[in-house]
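# A closer look at the structure
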Amino acid sequence: MSDHSEIVYSTADGMDYPAHEETYKAFIKFGTVGTAAVITLVSLMAIFLT
């Protein structure tokens, strides 16, 4: 069988960390805005539908 060398992730080449960080920031912002929108919607439903 072929010999597989051990993978070292901390020195892996080709990782685009700035792109990963921007994607993470966008995900967090989307989650924050989405949560605020749901809270607003539920609050308005409680006010106007009761």
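Scroll up to find the structure this text is about.
Summarised in this report is the structure supplied together with it.

Take the overall build of the protein chain next. A count of helices and strands for the protein chain gives 1 helix and 0 strands. A total of 50 residues make up the protein chain; the buried ones form 0% of that total. In the structure as shown, the protein chain presents an accessible area of about 5100 Å², 68% of it carried by carbon and sulfur atoms.

Side chains of Leu-41, Leu-44, Met-45, Ile-47, Phe-48 and Leu-49 sit close together on the surface and give an oily, nonpolar patch of about 680 Å² of accessible area. As for its placement among the helices and strands, Leu-44 is situated in helix α1 (residues 17-48). Looking at Leu-44, the relative accessible area reads 42%, which means it is partly exposed.

The residue Thr-35 is located in helix α1 in this model. Side-chain polar atoms of Thr-35 contact the backbone oxygen of Gly-31, separated by 2.7 Å.

Criteria and cut-off values
- Residues numbered from 1 in each chain as written.
- Predicted model: local features only at pLDDT ≥ 70, side-chain atom pairs only at ≥ 80, totals over all residues.
- Heavy atoms only, no water.
- Helix = DSSP H or I, 4+ residues; strand = E, 2+ residues; numbered from the N terminus.
- Buried < 20%, exposed > 50% of the residue type's maximum accessible area, 1.4 Å probe, protein only.
- Areas by Shrake-Rupley, 256 points an atom, 1.4 Å probe, with all protein chains shown as cover.
- Patch = residues over 30% accessible without salt bridge, like charges linked within 9 Å, V, L, I, M, F, W, Y side chains within 5 Å.
- Salt bridge = Lys/Arg side-chain N within 4 Å of Asp/Glu carboxyl O.
- Polar contact = N/O pair within 3.5 Å; in protein donor to acceptor, adjacent residues only side chain to side chain.

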